[in-house]
Amino acid sequence: MENEEKVLNPQESLRIIRESIDLAKSSFRENGFHYLLWGWLVAGACLADYYLDAVMGYPKHYMVWLGMTVVGAPAAVLYEWRRDKKLAPISNPVRDWHGRVWMAFGISLLIVIALSVQARVSPIPFILVLVGFATFVSGSLLRFAPLVLGAMAMWTGAAICLALGYHEHLLVQGIATILGYLIPGYMLNTRRHV
Amino acid sequence: MFKSLDPILLSQLRLAIMSHLIVVREADFNALKDQTGATAGNLSVQISKLQEAGYIEVEKTYKNNYPLTVCKLSPRGIAAFEAFYNDLKTYFDQDFSIK
């Protein structure tokens, strides 16, 4: 943009507004890191839990979820810390809201898991509802349709769980995670490099 | 009836800066340079003009011991951008919106 004093006509003005706004939006699109990280971890944990519990009958099958959290949480926090360091002190309203949505999801998740354990019911349908909700809001904030569709896959998975038992819930969650996290995550990643 | 457009925003680079800031609200100098593709000198001049018009606030600070210039859209700037956009609409027959 070397023509700093070039006077624009209305068509050019409109084009610049549209192009600049599109560019600004794309600049803070998520790169898919969290969706890929948690997508692989959750899908892997679902399959591992299913194998250990339903196939092998291993009593401490639930430890895979602890392992998933031990790997995923520090990786996610470290990634955000490094990104904050790079971006601070620049605020970004969409990113801030995105963070708040997933923070609310994390708190809700802990409560839902505790309640489900106490009530001795499978937490998976409830988790899928919560994940679907957060993914839907994220997809809407980022204006990224694959995430919105991914949220619908999560909700559909939750509804399907009504007709299935706990072990099958794990498989449904694994599939819903692939559809709702991994596919949109890879699409976000690809989009970033376009 | 066509409405006259704000001359401050009838500049390619100034309009690009304002359009960027209308989305992100604040951005540092390097981010604006990347987004607009402008040279540092040119960008600096146009930022000063927007600041003089009261459309943006410029804060000079430090990050990791390096100087950091942060540009923030002011309420006046938001009003000016919205007015510019509404005035721009009068030049077009068809209904349009920026999504």
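That block above? That's the structure.
Residues numbered from 1 in each chain as written. Chains lettered and ligands numbered in written order. Predicted model: local features only at pLDDT ≥ 70, side-chain atom pairs only at ≥ 80, totals over all residues. Heavy atoms only, no water.

A few words now on the packing of aromatic side chains. Residue and element names in this part refer to chain A. One pass over the full model with this rule turns up six aromatic pairs over all chains. Here the aromatic rings of Tyr35 and Trp102 are separated by 6.2 Å at their centres, their planes lie at 80°, and the arrangement is edge-to-face. Placement of the pair is Tyr35 in helix α2 (residues 33–55) and Trp102 in helix α4 (residues 93–119), with a sequence separation of 67 residues. The exposure class of Tyr35 is buried, given its relative accessible area of 4%. Both rings, one in Trp102 and one in Tyr181, keep their centres 6.3 Å apart while their planes meet at 65°; by these two values the pair is edge-to-face. You can see Trp102 sitting in helix α4 and its partner Tyr181 sitting in helix α7 (residues 166–192), a full 79 residues away along the chain. Each member of the aromatic cluster is reached from another via a ring pair, and the members are Tyr35, Trp102, Phe105 and Tyr181. (Phe/Tyr/Trp six-rings, centres within 6.5 Å; stacked < 30°, edge-to-face > 60°. Helix = DSSP H or I, 4+ residues; strand = E, 2+ residues; numbered from the N terminus. Buried < 20%, exposed > 50% of the residue type's maximum accessible area, 1.4 Å probe, protein only.)

The next thing to look at is the sheet that holds strand β3 (residues 66–73) of chain B. Residues and elements named next belong to chain B. Taking strand neighbours across the sheet as the criterion, the three strands line up as β1-β3-β2 in an open arrangement whose pairing is antiparallel. The open sheet has two edge strands, β1 (26–28) and β2 (56–63), and neither has a second partner. Taking the axes of each pair of neighbouring strands and ignoring which way they run, one obtains an average angle of 25° across the sheet. In this structure, β1 lies alongside β3, joined through three bridges in antiparallel fashion. Pairing of Ala27 across the sheet is with Cys71, part of β3. Strands β1, β2 and β3 of the sheet are contacted by helix α1 (residues 12–24), whose axis makes an angle of about 120° with β1. (Pairing = 2+ DSSP bridges. Axes fitted to C-alpha atoms, helices over the stretch in contact; angles between N-to-C directions. Contact = heavy atoms within 4.5 Å.)

With that settled, consider the packing of helix α2 (residues 29–36) of chain B against helix α3 (residues 40–52) of chain B. Residue and element names in this part refer to chain B. Closest axis-to-axis distance for the α2/α3 pair is 10 Å, and the angle between their directions is 110°. With respect to each other, α2 and α3 are oriented roughly perpendicular. Relative to α3, the crossing made by α2 is right-handed. Contacts between α2 and α3 involve Phe29, Leu32, Lys33 and Thr36 on the former and, on the latter, Ala40, Leu43, Ser44 and Ile47. (Parallel < 35°, antiparallel > 145°, perpendicular 65-115°, else oblique. Left-handed = near helix turned anticlockwise from the far one by under 90°.)

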